[in-house]
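Analysis of the macromolecular model
Now for the letters of each chain:
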Amino acid sequence: MSFRLANWAGQAVLLDGGDYWALGTDPMDILTRPQELHDRWASRGTPDGQLSLAELGPPVPAPMQVFGYGLNYMDHIEEIDRVDSMGRTVSEAPVVFTKFPTCLTGPGAPVQLVGDHCDYECELVVVIGPETSNVDESQAWDRVVGLMIGQDISDRALQTAAAPPQFNLGKSRPSFGPTGPALVSVDLVDDPDDLAISCRINGDLRQNSRTSFLMRPVAEMVAYLSSILTLHPGDIIFTGTPGGVGHAQGLYLKPGDVIHSEVEGLGVMENTCV
């Protein structure tokens, strides 16, 4: 079922490039009806107008739960260990945290920096469709309604302020969760388990990888979470970031920096730091 669902001022729209088609409903409501989205996409006709990235909100604006997977690319584990010298290894259980939903913002919205140690993390974001419990890995992709780009903006100072470090608050400040530009149905990407992912800061390529390097792939993530709790329609999973984060290079975000995030088949985001 094909569609690209976006959010314009709290209203659901279909988005193709800059063209949009208004759906006359709430994004959280219609994402539970993928067949209707597919039908509207297939018959969309003449667009209602055009929208810029700056006019778009988060495609899934009010999820019940937002999960993040940490340390899910080996090159990211290695670069962080070089800086922190904590002897990190791949744990038997995944590193999972939450980003509180109030941090979510649009694909062209400003990122409000706090302090001198804010960092970028470009990620593939997975959105749950039907309510899901105890799903097997072999069926986990069937529970995914679509994919987005995400930036897991992180306040490293707050993240490491406690001992042991905690992730949730440092990744949940206002505007620390840009997502978008649209929720893209899985069938519209060539291979959902192998997508190019990259991040540029002011045009400088910082992250460049593929989602096939995820140590715990999407199906495993969905199956694992659903074995512990119920996943609800619209729940979001940030799947982890590859190597190249600013913390590992001493290159933190500054006011005026432009974060360009891209995932193959899903479009681009451009967020300016303020």
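Look up a bit, the structure's there.
Now for a description of the structure that goes with this document. Residue numbers here run from 1 along each chain, matching the order of that chain's written sequence. It should be noted that, the model being predicted, local features are given only for residues of pLDDT at least 70 and side-chain atom pairs only at 80 or more, the latter also being counted only at that level, while totals for whole chains, interfaces and linings use all residues. The basis for every side-chain value is the complete set of heavy atoms in the structure, and neither hydrogens nor water enter the calculation.

1. Some thoughts on the overall build of the protein
Rules: Secondary structure is summarised from DSSP: a helix means a run of H or I of at least four residues, a strand means a run of E of at least two, and numbering begins at the N terminus for each. Throughout, radius of gyration means the C-alpha value; the globule benchmark is 2.2 Å times the number of residues raised to the power 0.38. Partly exposed describes any residue whose relative accessible area lies between the buried limit of under 20% and the exposed limit of over 50%, with all areas from a 1.4 Å probe on protein chains only and scaled to the type maximum. The criterion used for residue contact is that any of the two residues' heavy atoms lie within 4.5 Å. Surface accessibility follows the Shrake-Rupley procedure with a 1.4 Å probe radius. Residue values consider only the protein chains on display as shielding. Counted as positive: Lys and Arg. Counted as negative: Asp and Glu. His and the chain ends are not counted at all. By convention, the charge on Lys lies at NZ, on Arg at CZ, on Asp at CG and on Glu at CD.
For the protein, the count of helices and strands is 6 helices and 18 strands. The C-alpha radius of gyration of the protein comes to 18 Å, within 12% of the 19 Å expected for a compact globule of 274 residues. Over its C-alpha atoms, taken along the principal directions, the protein stretches across nearly 55 × 45 × 30 Å. Taking all 274 residues of the protein together, the buried fraction comes to 51%. A fraction of 77% describes how many contacts in the protein between residues 6 or more apart in sequence connect residues 24 or more apart. Of the roughly 11200 Å² of accessible surface on the protein, a fraction of 51% belongs to carbon and sulfur atoms. The positive charge centre, built from 16 side chains, and the negative charge centre, built from 36, are 4 Å apart in the protein.

2. Considering the pattern of salt bridges
Opposite charge on two side chains lets them pair, provided their charged atoms get close. To keep it simple, the criterion reads: Salt bridge criterion: a side-chain nitrogen from Lys or Arg within 4 Å of a carboxyl oxygen from Asp or Glu.
Counted according to the given criterion, the structure contains 15 salt bridges. Where Arg-156 meets Glu-121, a salt bridge forms, and the shortest distance between an N and an O atom there is 2.7 Å. One end of the pair, Arg-156, is in helix H5 (residues 156–159); the other, Glu-121, is in the loop between strand S9 (118–119) and strand S10 (122–128), and 35 residues separate them in sequence. Through salt bridges that share partners, Lys-99, Asp-119, Glu-121, Asp-152, Arg-156 and Lys-171 make up one connected network.

3. Focus on unusual backbone geometry
The phi angle of most residues is negative, glycine excepted, and most peptide bonds adopt the trans form. For the peptide bond that leads from Ala-163 to Pro-164, omega is 0 degrees, which places it in the cis range. You can see Pro-164 is positioned in the loop between H5 and strand S13 (177–184). With omega at -5 degrees, the peptide bond leading from Gly-180 into Pro-181 counts as cis. Positive phi is not limited to glycine here, since Ala-9 has a value of about 55 degrees.

4. Things to note about the sheet that holds strand S15 (residues 204–210)
Formally: Strands were regarded as paired on the criterion that DSSP finds at least two bridges between them. Axis definition: a line fitted to C-alpha atoms, over the contacting stretch in the case of helices. Angles run 0 to 180 degrees between N-to-C directions.
The antiparallel open sheet is built from 4 strands, whose spatial order is S15-S14-S17-S18. A single partner strand is all that each edge strand has here, and the edge strands are S15 and strand S18 (267–272). The sheet shows a mean angle of 10 degrees between the axes of neighbouring strands, direction not considered.

5. Structural notes on the packing of aromatic side chains
Selection criterion: Pairs were defined over the aromatic rings of Phe, Tyr and Trp, the Trp ring being its six-membered one, requiring ring centres within 6.5 Å. Orientation was assigned from the angle between planes: stacked under 30 degrees, edge-to-face over 60, tilted for the rest. Criterion for a charge above a ring: Lys NZ or Arg CZ within 6 Å of the ring centre, and within 35 degrees of the ring normal.
Within the structure shown, the criterion is met by 2 aromatic pairs. Stacked on the ring of Trp-21, the Lys or Arg Arg-44 has its end atom at 5.3 Å from the ring centre.

6. Some words on the nonpolar core
Rules: Throughout this description, the term nonpolar core refers to a set of buried Ala, Val, Leu, Ile, Met, Phe, Trp, Tyr and Cys residues connected via side-chain atoms within 4.5 Å.
Counting 68 residues, the largest nonpolar core has Leu-5, Leu-147, Leu-183, Val-222, Ile-236 and Ile-237 as the members making the most contacts within it. In terms of residue count, the dominant contributor to this core is S10 (6 residues). In this structure, Val-222 is in contact with Ile-128, Val-135, Ala-140, Val-144, Leu-231 and Ile-237, ignoring residues within four places of it in sequence.

7. A word on the pairing of strand S1 (residues 4–8)
A regular strand places its side chains on the two faces of the sheet in alternate fashion. Relative to S13, S1 is paired through 2 bridges, and the arrangement is antiparallel. Directly across from Leu-5, in S13, lies its bridge partner Leu-183. Strand direction decides the pairing type here: S1 and strand S2 (residues 11–16), joined by 4 bridges, are antiparallel. Note on S2: the bridge partner recorded for Ala-6 is Val-13. For S1 and strand S5 (residues 56–57), the ladder comprises 2 bridges, and the chain directions are antiparallel. If you follow Trp-8 over to S5, its bridge partner there is Leu-56.

8. Brief notes about the environment of Met-148
Along the chain, the position of Met-148 falls in strand S11 (residues 144–151). For Met-148, a relative accessible area of 0% puts it in the buried group. Sequence separation between Met-148 and Phe-238 is 90 residues; the distance between their C-alpha atoms is 9.4 Å. Apart from residues lying up to four places away in sequence, Met-148 is in contact with Pro-59, Val-60, Glu-123, Leu-124, Val-125, Val-127, Thr-179, Gly-180, Ala-182, Leu-183, Ile-236 and Leu-266.

9. Some points on a nonpolar patch on the surface
Just so we agree on the cut-off: Two distance rules govern patches: like charges are joined within 9 Å, and nonpolar side chains (Val, Leu, Ile, Met, Phe, Trp, Tyr) within 5 Å, applied only to residues with over 30% relative accessible area and no salt bridge.
Among the surface-exposed residues, Val-96, Tyr-224, Ile-228 and Leu-229 lie close enough to one another that they form a single nonpolar patch of about 310 Å² accessible area. Counting through the fold element by element, Ile-228 comes out in helix H6 (residues 218–228). Given the relative accessible area of 55%, Ile-228 is considered exposed.

10. Some remarks on the side chain of Thr-105
If you trace the backbone, Thr-105 turns up in strand S8 (residues 104–105). Residue contacts for Thr-105: discarding those within four places in its chain leaves Pro-58, Ser-175, Gly-177, Pro-178 and Thr-179.

11. Here we look at H6
Residues of H6 that are buried: Val-218, Ala-219, Met-221, Val-222, Ala-223, Leu-225 and Ser-226. Tucked into the core, H6 has its buried residues touching strand S6 (66–70), strand S7 (95–98), S10, helix H4 (137–140), S11 and strand S16 (236–238).

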